[in-house]
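Given next are the chains, with one letter for each unit.
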2 protein chains.
Amino acid sequence: MAAPSAAEFARWKQQCLCATDLSRKGSIDEPIVELVNFINGQQFLFTTSSCSGRISVFAEKHKEKKKGCDWLLISHTQAEAQAVMTALCDHTGSAVFKFEPFVLHAQCRTIQDARLVHQAAIQAGFRNSGISLGNKGKVMVAIRSTHTLEAPLSDRGRMLVDEDYISYLVDAANEKLEENRRRVQRFFSNLKELLSNQAGEVQTQEVQHRKREHQEAHRKHQYKRGPDTCAAHDQEHSDDGVDLHNLFEGS
Amino acid sequence: MAAPSAAEFARWKQQCLCATDLSRKGSIDEPIVELVNFINGQQFLFTTSSCSGRISVFAEKHKEKKKGCDWLLISHTQAEAQAVMTALCDHTGSAVFKFEPFVLHAQCRTIQDARLVHQAAIQAGFRNSGISLGNKGKVMVAIRSTHTLEAPLSDRGRMLVDEDYISYLVDAANEKLEENRRRVQRFFSNLKELLSNQAGEVQTQEVQHRKREHQEAHRKHQYKRGPDTCAAHDQEHSDDGVDLHNLFEGS
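Right, let's walk through the structure included here. What you see is a predicted model, and the numbers here were worked out from it, not measured in a lab. (Residues numbered from 1 in each chain as written. Chains lettered and ligands numbered in written order. Predicted model: local features only at pLDDT ≥ 70, side-chain atom pairs only at ≥ 80, totals over all residues. Heavy atoms only, no water.)

## Some remarks on the nonpolar core
Right, so step 1: The biggest cluster of nonpolar side chains holds 56 residues, and the ones touching the most others in it are Leu-35 and Phe-187 of chain A together with Leu-35 and Phe-187 of chain B.
Right, so step 2: Leu-35 of chain B has contacts with Phe-102, Leu-104, Val-184, Phe-187, Phe-188 and Leu-191 of chain B, leaving out every residue within four places of it along the chain.
Right, so step 3: With 46 residues, the next largest nonpolar core counts Leu-149, Val-161 and Tyr-165 of chain A together with Val-170 of chain B among its residues. (Core = buried A, V, L, I, M, F, W, Y, C linked by side-chain atoms within 4.5 Å. Buried < 20%, exposed > 50% of the residue type's maximum accessible area, 1.4 Å probe, protein only. Contact = heavy atoms within 4.5 Å.)

Encoded structure:
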């Protein structure tokens, strides 16, 4: 299960980003446009789905005995209690108030790329993040937080809580959304820093590799006048300039 | 970053399981004792922490300005509204009602082991599961669900909700706990099946490998009387009997 080649990964990326544009009703959530564009600007990464974090009221479908739900309210920015009350007006189903934190799924070319993104996420406080490894070398990283709220508001049209409680919930959710925003910023900074360090390391390795090649060429030039005793060393050095991306690839 | 050797992994496992026994105030949650013992009975896996899923009321520490919280109630089985009311009696802090689903962290020797456990978890509905890859070849898999409830009950001693709401919450949490129980069972079945298939594959590969060795010995015996033309084929075959555990190891 080898990692895909750079060309194959580029094809997957193009297919996914085009397909996503067609299927999405909306667009990238405004608070994370810059982050998503940054990730998609990396050669070996692309996002497959994301949400900046949201406050919502959703209605469970009881009558139809169907799975799924309708949203009565969705806000990706600070919410107001009055908007929740208005959303509940005339609603005869069962409504639940929710805060859902930032979530982002990114496909990565190699396990090493996924590890780097995962590290940036964990360091920013997204403790429920994790990597998954599919068939055909598909490597995904999901960035998730433990920060949630989920409180029932009404049961088949009957209100279970009063306006004061809704105000309290909305305040709590707004606080969580603000903390969420700070974490996303930390994640973005961490990611830029780790990617820049990685690029630096690769560059250093390339410089060292070129330097060694130069030294080898120089030595070989000298060997023309002496016995060729250095084959073992040549072999050793040729393995040094390893591509970081391949460190974790399977067979 | 190679996977640890079997001996090194066994040492980590022993250290962790002993340390865990000393540090834990309680013990493994009763509903998952069999599952945890099964995982720890596998040569290349061990659990580092777990919770079978629980219904709780916890009190946020406002006054002390400290992080952390005290639990007023914890139940790993079906809860009763009366117990929640009793837990809130005389409490002057801010209490939150929570349902937290099953969670389990397992350390695995190789990425391939983690992938198998992760697959069993995803197929059982634990959609927030993921793998993490630490330094020194430490491979962990976390099994997590999206199923939660988190509703504030009181604010610095002032009740925010009434008894009816608490009954409704407890019923909702009990339903989630029951669904959680079914998922844990599915995970356990999936894990046993995948591990047994893997063992079967390894066994089949070993049988095939021995069969090939026998055929090779037979061929080589014949080659004594003819030219040695088959070195390339020998080389090809010698790579076939690959250990499944090593498929994903990094360099």
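## Thoughts on the environment of Gly-53 of chain B
Residues and elements named next belong to chain B.
Right, so step 1: Summarising the element assignment, Gly-53 is placed in the loop between strand S1 (45-51) and strand S2 (54-60).
Right, so step 2: Distance from Gly-53 to Asn-180, taken between C-alpha atoms, is 7.2 Å for residues 127 residues apart in sequence.
Right, so step 3: Residues in contact with Gly-53, not counting those within four places in the same chain, are Ser-75, His-76, Glu-100, Pro-101, Phe-102, Leu-177 and Asn-180. (Helix = DSSP H or I, 4+ residues; strand = E, 2+ residues; numbered from the N terminus.)

## Focus on the pattern of salt bridges
All names here are of chain A.
Right, so step 1: Taken as a whole and assessed by the stated rule, the structure comprises 22 salt bridges over all chains.
Right, so step 2: Of the charged contacts in the structure, one is a salt bridge between Arg-54 and Glu-100, with a shortest N-O distance of 2.8 Å. Note that Arg-54 is positioned in strand S2 (residues 54-60) and Glu-100 in strand S4 (residues 94-100), a separation of 46 residues in sequence.
Right, so step 3: For Arg-54, a relative accessible area of 19% corresponds to the buried category.
Right, so step 4: Through salt bridges with shared partners, a single network forms among Glu-178, Glu-179, Arg-181, Arg-182, Arg-183 and Arg-186. (Salt bridge = Lys/Arg side-chain N within 4 Å of Asp/Glu carboxyl O.)

## Structural notes on the side chain of Thr-148 of chain B
Right, so step 1: The topology assignment puts Thr-148 of chain B in the loop between strand S7 (139-143) and strand S8 (149-152).
Right, so step 2: A residue is classified by how much of its surface remains accessible, and Thr-148 of chain B, at 18% relative accessible area, is buried.
Right, so step 3: Leave out the neighbours within four places in its chain, and Thr-148 of chain B touches Thr-148 and Glu-150 of chain A together with Phe-99, Pro-101 and Lys-176 of chain B.

Purely geometric numbers; function is a separate question.
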